[in-house]
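What follows is the residue order along each chain.
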Amino acid sequence: MINKQAHINKLQRYLSQANSYEQWSEIAQTLDEALDHQQWKLDPYSDIYNFEVLSERMHALRNLRLENDLSGLSRALREGLHHDLGNMGDPRLYNQSYFGTKRLIDDYVDEVCIALRYLCDHPQSALLPAQKLDFFKAILLSYGRPALLMSGGASLGAFHLGAVKALWERDLLPQVIAGSSAGSIIAALLGTHTDEELPEFFDPNALSLKPWKWAGLLSGLRGKGFMEQRQLQETIRDYIGDYTMQEAFERTGRSVNISVSPVKHHQKERLLSGYTSPYLLMWSAALASCAVPTIFPPVQLQQKDETGQQSPYMPRLRWVDGSVVSDLPIERLRHLHDVNFSIVSQTNPHVVPFLKEEHEQSNKLHHLPARILKGELRFHGEAVFDYLRKNTTNSIVRQTSGQMYSLLSQSYKGDVTLSPRYKLKHYAGVLSNPSSEFISEL
């Protein structure tokens, strides 16, 4: 028994040190075998999800396919392919083992994928190419789509590169991508570079990121920012180029969405995208989203005019850090892109420690009083700052209250939330140019 536990402890340690999906999955499956999780996976029964619905649907799709009933198969998929069928996406089904979930769920997903490819590639299909395209568009609209959202975090945003790399290597990188502050730079990189060009950004030794340059104490006190904005602008522009939101989408097929926050009191936050701002220059949106108040001055957005020349976009307005008001614009993405599943890469240094604490306390009853107290303090804090931001005449108090209200009222998690494990040295590097070693570790 002692030897078995020592073996399990060793595997868990190796799992935390894995640096590729292949390595991680191999260790995770070995752990499941050592912990006897396979029996739970093979048993379809559970009160968490409707296993009978999934089993019936799976066998119906399989029978229609084996009978070569193309019409029946297309009807079955058209009317029955829904997100989270039978509650199969419940998180509790994915924390019972290190790798995978119920075998029935895996088999159902596999059968749906086989059926979709079968309909797409079958030479005897009665559907014309245009009709077939409409069929799959309708299914996508019904099923919904995932989105990757990347938070702010200054130089700690290098963690996003690892999250993106892991998804991209498994062909799981969503088409819809959103970013705020540091996350907007990574989102813009993805939106302006094709799949063939992306691998160069996954090599920390090939990156030379130098966004930070001290502007001086006097500059900061004058409201021009403690850091040189031109240095940040040149860094962003070097990597992103002069693509508009629309040009970027046409180049890569990825829908990039960048959050920016208003400076003026009567303006609301904006989600800049190919739908809402097609002619906006991508680097300009990322620069505005990175304009942390006091660190960088507010930004005037730039666009391409009818002649292809750079010109101001909404010239009277200035914009700042997107994470101040809308770090993760999940609700807006639902309306714009039919998003119903969110993958969040969260690197904000003031958020990550609380995510870990909340996860560790989630299933412990003796932590309930503390969680209730924390919830009450947050609720009343929101109410106080909401009142101050709407009713005070002092501009500094109003802006500060608005930012505090936004910080308290936002949600910083998604359906899946990825976050790093910070150490003191990571916090020390928040506002410094990241080295190759720093990027590689994150």
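Residues numbered from 1 in each chain as written. Predicted model: local features only at pLDDT ≥ 70, side-chain atom pairs only at ≥ 80, totals over all residues. Heavy atoms only, no water.

S.K.: Whenever I open this one, the overall build of the protein chain confuses me. Can you help?
M.R.: What the protein chain contains, in helices and strands, is 20 helices and nine strands. For the protein chain, contacts bridging at least 24 residues in sequence account for 73% of all contacts bridging at least 6. When the accessible surface of the protein chain is split by element, carbon and sulfur atoms take 54% of a total near 24,500 Å². (Helix = DSSP H or I, 4+ residues; strand = E, 2+ residues; numbered from the N terminus. Contact = heavy atoms within 4.5 Å. Areas by Shrake-Rupley, 256 points an atom, 1.4 Å probe, with all protein chains shown as cover.)

S.K.: Explanation requested: the nonpolar core in the structure shown.
M.R.: When a protein is soluble and globular, its nonpolar side chains tend to lie buried together. Membership of the largest hydrophobic core comes to 56 residues, with the highest contact counts inside it found for M150, V164 and M282. In this structure, V164 is in contact with L148, M150, L173, I186, L190 and F202, ignoring residues within four places of it in sequence. One finds L81, L93, I105 and L119 within the second-largest nonpolar core, a separate group that totals 23 residues. (Core = buried A, V, L, I, M, F, W, Y, C linked by side-chain atoms within 4.5 Å. Buried < 20%, exposed > 50% of the residue type's maximum accessible area, 1.4 Å probe, protein only.)

S.K.: Could you clarify how one ought to interpret the packing of aromatic side chains in this entry?
M.R.: Geometrically, a pair of aromatic rings is defined through the distance of the ring centres and the angle of the planes. Taken as a whole and judged by the stated rule, the model has ten aromatic pairs. With a centroid separation of 5.2 Å and an interplanar angle of 80°, the aromatic rings of F135 and F136 are classed as edge-to-face. Judged by relative accessible area, which is 23%, F136 ranks as partly exposed. An aromatic cluster of three or more residues is present, and its members are Y21, W24 and F99. (Phe/Tyr/Trp six-rings, centres within 6.5 Å; stacked < 30°, edge-to-face > 60°.)

S.K.: Can you help me understand the side chain of H193 in this one?
M.R.: Mapping H193 onto the fold places it in the loop between α9 (182-192) and α10 (217-221). Looking at H193, its side chain comes within polar contact range of the side chain of T192, at 3.1 Å. Here the side chain of H193 touches Y239 through a polar contact of 3.3 Å, landing on its backbone oxygen. Ignoring any residue separated from it by four or fewer positions in sequence, one finds H193 in contact with L198, F201, Y239, R251, T252 and R254. (Polar contact = N/O pair within 3.5 Å; in protein donor to acceptor, adjacent residues only side chain to side chain.)

What is shown is where atoms sit, not what they do.
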